[in-house]
Amino acid sequence: MEGKLIIFSAPSGAGKTTIVKYLLAKHPEKISFSISASTRVPREGEVNGKDYYFISQEEFLHRIAKKEFIEFEEVYSGTFYGTLRSEVERIWATGKHVIFDIDVEGGLHLKRKFGEQALAIFVQPPSLEVLEERLRGRGTDSEEKLQERITKAQKELQYADRFDVILNNDDLNKACATAEQLMVDFLSEKNN
Ligand SMILES: Nc1nc2c(ncn2[C@@H]2O[C@H](COP(=O)(O)OP(=O)(O)O)[C@@H](O)[C@H]2O)c(=O)[nH]1
Ligand SMILES: Nc1ncnc2c1ncn2[C@@H]1O[C@H](COP(=O)(O)OP(=O)(O)O)[C@@H](O)[C@H]1O
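Residues numbered from 1 in each chain as written. Chains lettered and ligands numbered in written order. Predicted model: local features only at pLDDT ≥ 70, side-chain atom pairs only at ≥ 80, totals over all residues. Heavy atoms only, no water.

Q: I'd love a proper account of helix H1 (residues 16–26), names of residues and values included.
A: Regarding H1, the residues found buried are Lys 16, Ile 19, Val 20 and Leu 23. Seen from one end, H1 has its buried residues packed into an arc of 100°, which puts them on one side. Where H1 is buried, its residues meet strand E1 (5–9), strand E2 (31–33), strand E7 (97–102), strand E8 (118–124), strand E9 (165–168) and helix H7 (172–188). (Buried < 20%, exposed > 50% of the residue type's maximum accessible area, 1.4 Å probe, protein only. Helix = DSSP H or I, 4+ residues; strand = E, 2+ residues; numbered from the N terminus. Arc of directions from axis to C-beta. Contact = heavy atoms within 4.5 Å.)

Q: Describe the site of ligand 1, naming the residues involved and giving the relevant values.
A: Around ligand 1, the structure places 20 residues, and the nearest of them are Arg 40, Tyr 52, Glu 71, Tyr 81 and Arg 138. Within the side chain of Ser 12, one N or O atom sits 2.7 Å away from an oxygen atom of ligand 1. In the model, a nitrogen atom of ligand 1 is placed 2.7 Å from a nitrogen or oxygen of the Glu 71 side chain. When its residues are assigned to classes, the shell around ligand 1 shows 5 nonpolar, 6 polar and 9 charged. (Near = heavy atom within 4 Å. Polar contact = N/O pair within 3.5 Å; in protein donor to acceptor, adjacent residues only side chain to side chain. Nonpolar A, V, L, I, M, F, W, Y, C, P; charged D, E, K, R; others polar.)

Q: Run through the sheet that holds E9, naming residues and quoting values.
A: Spatially, the 5 strands line up as an open sheet ordered E2-E7-E1-E8-E9, and their pairing is parallel. This sheet does not close on itself; its edge strands, each paired only once, are E2 and E9. Each adjacent strand pair in this sheet contributes to an overall mean axis angle of 25°, direction not counted. In terms of strand pairing, E1 meets E8 through 5 bridges, oriented parallel. Note that in E8 the partner of Leu 5 across the bridge is Ala 118. Running over the sheet, H1 touches E1, E2, E7, E8 and E9 and is turned about 160° from E7. Against the sheet, helix H3 (residues 85–93) touches E1, E2 and E7, its axis set at about 145° to E7. (Pairing = 2+ DSSP bridges. Axes fitted to C-alpha atoms, helices over the stretch in contact; angles between N-to-C directions.)

Q: Outline the site of ligand 2, supporting the account with residue identities and numerical values.
A: By nearness alone, 13 residues border ligand 2, and Gly 13, Thr 17, Thr 18, Arg 138 and Asn 169 come closest of all. One nitrogen or oxygen atom from the main chain of Asp 170 is found 2.9 Å from a nitrogen atom belonging to ligand 2. Protein contacts shield 75% of the accessible area of ligand 2, which totals 570 Å² for the unbound molecule. Contributions of two or more residues to the shell around ligand 2 are made by H1 and helix H5 (128–138). No other element matches H1, which puts 3 residues into the shell around ligand 2. (Areas by Shrake-Rupley, 256 points an atom, 1.4 Å probe, with all protein chains shown as cover.)

Spelled out as structure tokens, the structure:
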């Protein structure tokens, strides 16, 4: 059985992981997280097979060759991320819908591929300055990586209007409540 796809995309630091985690905690019976494969080094507290499937670049390239990805990207120089077909099928087989935390290009790629079966939400930070503050506050990236994320964010913000919905994440509680409503409405639509 095929379910639906709920896609959250945004520049790094906009708050998509926080919002996705909120929805997963609140609706575990409806949705399940698409665990991406990544060649990134795990952050403090991240668990292999829960946050990501952390794999080597060699294995990633091998899986590209075997056509195991629905989409993949070199999101930051030298770091690959990708959605495994097996992951989406595994979740659908449990009767749940799939929720994604994925970069802007990847989100648009999935939307193009799945059309009405997917809801693509762009999480909009109040400003680039606030985005930078949030990234610094999170404290997970070196100055170099932070600058790379901010440069990429400037480009990504221009793609917001290609998404089905733009979700403002100024007040986190409001953003979570709106995201929940959007999701519940979309999942209750029958004809897609
Ligand atoms: N295209 C694509 N992007 C992904 C995938 N998984 C994660 N990403 C994105 O890669 C970027 C980097 O993720 P991460 O290193 O976890 O840091 P974050 O930016 O703080 O969430 C984020 O924009 C993620 O949403 C994937 O499977 N495909
Ligand atoms: N509305 C908000 N107001 C203030 N801080 C926020 C808000 N949303 C998220 N954050 C914080 O900003 C940082 C980046 O959020 P995160 O969810 O990791 O973003 P992303 O997954 O888009 O990179 C985290 O430290 C998070 O707690």
